[in-house]
Amino acid sequence: MTLEFDRSILGTEFDRTAFAPISAEEIRVYAAASGEPCPAPDVAPPTFVLRQRGDRFMPANIAKLGRVGFDAGKDIDFGVPVRVGDVLTAVSTVHDIYEKTGRSGSMGFLILRTELTNQHGEQVAVIDQKMMFR
Amino acid sequence: MILDLHSHSDASEDSRAPVETYLKWLTRKRDVLPIDGIVLTEHRQWNPTADYRRLEDQYGVLILRGAEVETDYGHMLIYGVTDDMTRRFDFANVRLPAQEVVTGVQQLGGIAVPCHPGRPTIGLCEHYDTKPPLDGVVAVEALNGGSRRGENERVQALIDRHGYQAVGGSDSHLVSFIGICATEFDAAIRTIDDLVAALYRGGYRPVDFRDRLKKVA
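Treat the numbers as computed from the prediction; the structure is a model and nothing was measured. (Residues numbered from 1 in each chain as written. Chains lettered and ligands numbered in written order. Predicted model: local features only at pLDDT ≥ 70, side-chain atom pairs only at ≥ 80, totals over all residues.)

(A) Broad picture of the overall build of chain B. Helix and strand counts for chain B stand at eight helices and nine strands. Principal-axis analysis of the C-alpha atoms places the extent of chain B at approximately 45 × 40 × 30 Å. Classification of the 217 residues of chain B by burial places 48% in the buried group. Counting only contacts in chain B whose residues sit at least 6 apart along the sequence, the fraction spanning at least 24 positions is 75%. (Helix = DSSP H or I, 4+ residues; strand = E, 2+ residues; numbered from the N terminus. Buried ≥ 20, exposed ≤ 12 C-beta atoms within 10 Å, placed from the backbone. Contact = placed C-beta atoms within 7 Å.)

(B) A look at the environment of Glu20(B). Structurally, the position occupied by Glu20(B) is in helix α1 (residues 19–28). For the pair Glu20(B) and Val175(B), spaced 155 residues apart in sequence, the C-alpha separation works out to 9.7 Å.

(C) Structural detail: the sheet that holds strand β4 (residues 105–117) of chain A. Residue and element names in this part refer to chain A. Read across the sheet, five strands follow the order β1-β3-β4-β5-β2 without closing on themselves; strand pairing throughout is antiparallel. The open sheet terminates on both sides in strands that have one partner only, identified here as β1 (13–18) and β2 (69–78). Within the sheet, the average angular offset between the axes of one strand and its neighbour, ignoring direction, is 25°. Across 13 bridges, strand β3 (residues 89–102) lies against β4 in antiparallel orientation. Pairing of Lys 100 across the sheet is with Met 107, part of β4. (Pairing = 2+ DSSP bridges. Axes fitted to C-alpha atoms, helices over the stretch in contact; angles between N-to-C directions.)

(D) Up close: helix α4 (residues 98–107) of chain B. Residue and element names in this part refer to chain B. Among the residues of α4, those classed as buried are Ala 98, Val 101, Val 102 and Val 105. End-on, the buried residues of α4 take up no more than an arc of 95°, which puts them together on one face. Looking at the buried residues of α4, the elements they touch are β3 (62–71), β4 (74–79), α3 (83–88) and β5 (111–114). Once α4 ends, the next one or two residues include Gly 109, with phi positive near 95°. (Arc of directions from axis to C-beta.)

(E) Highlighting the interface of chain A and chain B. In this assembly, nine residues from chain A lie in contact with eight residues from chain B. Where the side of chain A that touches chain B is concerned, the elements lending two or more residues are β3 and β4 of chain A. Looking at the side of chain A that touches chain B, the element that brings in the most residues is β3(A), giving five residues. When the residues that make up the side of chain A that touches chain B are grouped by side-chain class, the tally is one nonpolar, five polar and three charged. (Nonpolar A, V, L, I, M, F, W, Y, C, P; charged D, E, K, R; others polar.)

(F) Region of interest: the sheet that holds β5(B). Residue and element names in this part refer to chain B. Here seven strands make up an open sheet; going across it, the order is β5-β4-β3-β2-β1-β8-β9 and the pairing mixed. Of all strands in the sheet, those with a lone pairing partner are β5 and β9 (204–208), marking the two edges. Pairs of neighbouring strands in the sheet enclose a mean axial angle of 30°, with direction left out of account. Relative to β4, β3 is paired through six bridges, and the arrangement is antiparallel. Looking at the pairing, Glu 68 lines up with Leu 77 of β4.

(G) Broad picture of the pairing of strand β5 (residues 123–133) of chain A. Residue and element names in this part refer to chain A. Pairing of β2 with β5 involves eight bridges; the strand directions are antiparallel. Its bridge partner being in β5, Ile 76 is matched across the sheet by Ile 127. Two strands pair when backbone bridges link them, and β4 and β5 are joined in this way by 10 bridges, in the antiparallel orientation. Following the sheet pairing, Glu 115 is matched in β5 by Val 126.

If you want it as structure tokens, here you go:
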């Protein structure tokens, strides 16, 4: 496969979602389901940030990168913790698109970056979602 | 002198190993892993500003840098990277013309060493089955710590046929893999230029520490 895409798409924002204030019940349910304890009362477990997904997962105008694709993992850079009452905003961009070759042939990778901030403008998390295509 | 000629730090997108953690591991395992230095060969990139001198001084381990590039004959380790080289070759291109890389890198003062040659799709052996051999190859990575069963074994026939010299490297992407395979040099290596000169000159061999590590585990 050869990845052909317009490099101007890199860094462009394709989604901005503002969420309702985080409730104590949301955090309690997440902690119970994930088995990850809350570090303090009214503070969400760190991976709670993965629950805050924007309305659009992929840019609408992105070229087809391959026949099949799958989730190839996430990198999370954690910022300030999420607390009850926080109002979070997620801004998603296409961070990178690249190709590599391996034992099974060539693969394309798409990195979608979501930056989460709270109502004070503090960075809550930067989540890099890696998708593999071939 | 023993150097791990093939390693990836967290500067490569598929590694999670910080350079300092490699050095801490080597320090801790010094009795079974007598590694004097490592060469960071990040995938498809060259960072001209990376500087590991403070870590070298702190841990007493030589840190040299190269790159692993992808060509139409498989992957190659490039030692002695220069600005001229990165201007001539786009390291992010996964279809670099291998013959131009081997020749051009040598002209610019470096050396290109095909790595994991026995690996399907991205190893030299498979490409030699269908294409003419490359001119100017001096050494190949005969021992790769990330190879699967049979992949390293396939390389001996290549070496016998073409008279290549052999090096070893861990191809580490994880901290506990650093130094498991390496290259022993007769000469002292202090700089990347020393390494390039030694690779052309000869007097080195791959060394495998995996059995030794298993015995102490």
